[in-house]
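# Report on the structure
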Amino acid sequence: MESVFTSVLKYLREVYLGVKSILTSCFTALPYLFNRRSGDLHKEVTEQYPDPVSSRTADDLPSRSRGLLFNDIDRCTGCKACEEICPTKCITVENELGTEASKVWVAVFDIDMSRCMFCGLCVEVCIPQSLVHTKEYEGAAYYPRDLVISFGRGRITPEQRTKWAAIRQAKEAEETL
Amino acid sequence: MKPWMSAWDGLDVFPAGTPEWAVAASIVGFVYFFVIMPGAGFMAFLDRKISADLQARIGPNRVGLAGLFQPLADLLKLLQKEKRIVSGWREAFWLGLHTMALYSTVAVLPLGSMFLLVDTDMSAFMLFWAALILALGTMLMGLNQGSIPGWFGGIRVASQALAGAFPAMIGMICVGLRAGSFRWSAVAAAQGSSPLHWTVFSDPFQFIAFFVFLASGMVLLGISPLDGGLSVPDIHGGVSSHLYGRRLSLFRLGRFYGFFLWSEIAVVLFMGAWNLPLFVTDAIRNYSTPVALEAVELLVLLVKTGLVMLGVTWVARANPRIRADQITDMAWKVLSPLSLMALIGTTVWMIWVNH
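Criteria and cut-off values
- Residues numbered from 1 in each chain as written.
- Chains lettered and ligands numbered in written order.
- Predicted model: local features only at pLDDT ≥ 70, side-chain atom pairs only at ≥ 80, totals over all residues.
- Heavy atoms only, no water.
- Helix = DSSP H or I, 4+ residues; strand = E, 2+ residues; numbered from the N terminus.
- Pairing = 2+ DSSP bridges.
- Axes fitted to C-alpha atoms, helices over the stretch in contact; angles between N-to-C directions.
- Patch = residues over 30% accessible without salt bridge, like charges linked within 9 Å, V, L, I, M, F, W, Y side chains within 5 Å.
- Areas by Shrake-Rupley, 256 points an atom, 1.4 Å probe, with all protein chains shown as cover.
- Salt bridge = Lys/Arg side-chain N within 4 Å of Asp/Glu carboxyl O.
- Buried < 20%, exposed > 50% of the residue type's maximum accessible area, 1.4 Å probe, protein only.
- Phe/Tyr/Trp six-rings, centres within 6.5 Å; stacked < 30°, edge-to-face > 60°.
- Lys NZ or Arg CZ within 6 Å of the ring centre and 35° of its normal.
- pLDDT = per-residue confidence, 0-100.
- Core = buried A, V, L, I, M, F, W, Y, C linked by side-chain atoms within 4.5 Å.
- Contact = heavy atoms within 4.5 Å.
- Domains from an automatic or database assignment.
- Parallel < 35°, antiparallel > 145°, perpendicular 65-115°, else oblique.
- Nonpolar A, V, L, I, M, F, W, Y, C, P; charged D, E, K, R; others polar.

All right, on to unusual backbone geometry then. Cis geometry marks the peptide bond from B:Ser224 to B:Pro225; its omega dihedral reads 10°. Take B:Pro225: it is sitting in the loop between α7 (204–221) and α8 (232–235). The phi dihedral of A:Lys80 is positive, around 65°, even though this residue is not glycine. By secondary structure assignment, the location of A:Lys80 is in the loop between β1 (69–71) and α2 (81–85).

Residue and element names in this part refer to chain A. Sheet architecture is open: three strands sit in the order β2-β3-β5, paired in antiparallel fashion. Lying at the two open borders of the sheet, with one neighbouring strand each, are β2 (91–97) and β5 (148–150). Taking each pair of neighbouring strands and ignoring which way they run, the sheet shows an average axis angle of 15°. Relative to strand β3 (residues 104–112), β2 is paired through seven bridges, and the arrangement is antiparallel. Note on β3: the bridge partner recorded for Asn95 is Val106.

Moving on: a nonpolar patch on the surface. All names here are of chain B. A cluster of nonpolar side chains, contributed by Phe42, Leu65, Leu68, Phe69, Leu72, Leu75, Leu76 and Leu79, occupies part of the molecular surface with about 790 Å² of accessible area. Structurally, the position occupied by Leu65 is in the loop between α1 (20–54) and α2 (70–79). Exposure remark for Leu65: the relative accessible area of 71% places this residue in the exposed category.

Turning to the packing of aromatic side chains, a few remarks are in order. Tallying each qualifying case throughout the model produces 18 aromatic pairs over all chains. Ring geometry for A:Phe70 and A:Phe151: centres 5.5 Å apart, planes at 90°, overall edge-to-face. With a gap of 81 residues between them, A:Phe70 in strand β1 and A:Phe151 in the loop between β5 and α4 (158–176) connect regions that are remote in the sequence. For A:Phe70, a relative accessible area of 39% gives the class partly exposed. The class of A:Phe151 is buried, set by a relative accessible area of 13%. Here the aromatic rings of B:Phe128 and B:Trp262 are separated by 6.0 Å at their centres, their planes lie at 85°, and the arrangement is edge-to-face. Taken as a pair, B:Phe128 in helix α4 (residues 126–144) and B:Trp262 in helix α9 (residues 245–270) lie far apart in primary sequence, 134 residues in all. The same class applies to B:Phe128 and to B:Trp262, which are both buried. The ring of A:Tyr143 has A:Arg145 sitting right over it, with the charged end atom 4.6 Å from the ring centre.

Chain-level pLDDT for chain B is 83 on average; 92% of the residues reach the 70-or-more range. Taken together, the chains of this predicted complex give a pTM of 0.74 and an interface ipTM of 0.78.

For the rest of this paragraph, the subject is the nonpolar core. Among the nonpolar cores identified, the biggest contains 88 residues, and B:Val31, B:Trp184, B:Trp262, B:Leu269 and B:Phe270 are the most heavily contacted of them. Those elements that provide at least two residues to this core are α1, α4, α5 (148–179), α6 (184–189), α7, α9, α11 (290–318) and α12 (324–352) of chain B. The leading source of residues in this core is α9(B), at 15 residues. If we skip the residues at most four places from it in the chain, B:Val31 touches B:Ile36, B:Val106, B:Leu109, B:Leu111 and B:Phe115. One finds A:Phe109, A:Met113, A:Cys116 and A:Leu131 within the second-largest nonpolar core, a separate group that totals 18 residues.

Turning next to the domain arrangement of chain A. Partitioning chain A into structural domains gives domain 1 (2–42) and domain 2 (69–176). Averaged C-alpha coordinates put domain 1 of chain A and domain 2 of chain A at centres separated by 62 Å.

Here the focus is the packing of helix α10 (residues 278–287) of chain B against α11(B). Any two packed helices are characterised by the angle at which their axes cross and by the distance between the axes. All names here are of chain B. One can describe the packing of α10 onto α11 by two numbers: an axis separation of 8 Å at closest approach and a directional angle of 150°. As summarised for this structure, α10 and α11 are arranged roughly antiparallel, according to the angle between their axes. Only Ala292, Leu293 and Val296 of α11 make contact with α10, whose side of the interface consists of Thr281, Ile284 and Arg285. A class-by-class count of the residues in the contact of α10 with α11 yields four nonpolar, one polar and one charged.

The following block contains the structure:
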């Protein structure tokens, strides 16, 4: 059986600990009031999306943020490096021979954004740097098929194929002369 | 002119021969519409902004400059809510009781050396009447709802009011011991304008008594962080579970009024009331009217009250809310013994140290 003195001391100690815990949480919260926080969280707050007051746009994102993919088909060589490295196999490239032996007609360049995991590997391997991540992040669509983005020049008809083959052969014949 | 009304005789803003009841009614109306209602809106805004900052959110930022008019927009929204229940005698009874409680307790508020509507030997005790009427009205409203959250909420409100009243009363008696009276003017005169002459810093036991008084008031009126009687997760807001629209805005105004009343009384009792430095008082007396002096005093009092309210809000938003049974437990087992300790300590201090 403990003495009255011990009980009173215990009681006072508990009161002290309660007050201390209240004050600790108060002073932990205080820096947040003045936005003085350490590290990357500085002045970062949760805000409504889309927020018309702060009116943040896609351009306000960090420079290296990875949004939806974009391929500049005029610079694309159709080398299929992106297709090969893609871990989720979401890029489909189909090439045709063009009017010159050195030029490739990129007929199909489809990216299935529903499978893309935004790893950025395809952008890294792209030698002509035609494939880039935009800052666009609003990719919602009603149907999965709408998530397939096509950058290709389109398939060519059999007539065009024979015509282009003829042009190509004519040029080769000129060069060999 | 009755003797207890002589304090605001010097205001002379009313023409001679104005009946006493008209003077009293206009003062109460002035306080209600120009002090309490804008104060409620502004404090609601500050509360939301500060709690947003503490939780790394933005808070209201749409209406007006930095969302300053958000409370007004909320009020307008609440006022145009459609009625769900046909109003009957219950609503009329509750509205009547609540309004009566609000208006009658404005009369006991001390708001400056000349703005004392009721300045008698037991003025300070009247705040218990005010606070208990507010608690009683809230309890009756809960019991009137005819729903389980209402019944439980009403009982919780009553138990919190009973638990908080005892330590609050003892804390107030500590001030009475020092001032030698419970008259508002005497309590104010016992303190000075400098914090060194405030009751709260006059001795260590008054310091304890101040915090006990403030905390037990929060218990008594069920003000956040000690508002377990109105908690949402277990009893759906208790007495406020069925309120919406006009009635909700009235209820919120009443809750704010309780908070304001208690902080304001705590400032008057412990934190130097409306006292200005003597040279300031003299300067205003010599170069301006008594009304200007009263206005400055009221401003000082309101600023101090606002700071106390912000402090309570800070504690409330940074700490988790505790259950209703833990609140009454704390009031009986911690606040009450501490208040008695403060009372005994103050008595001993006054006899052995001050003399």
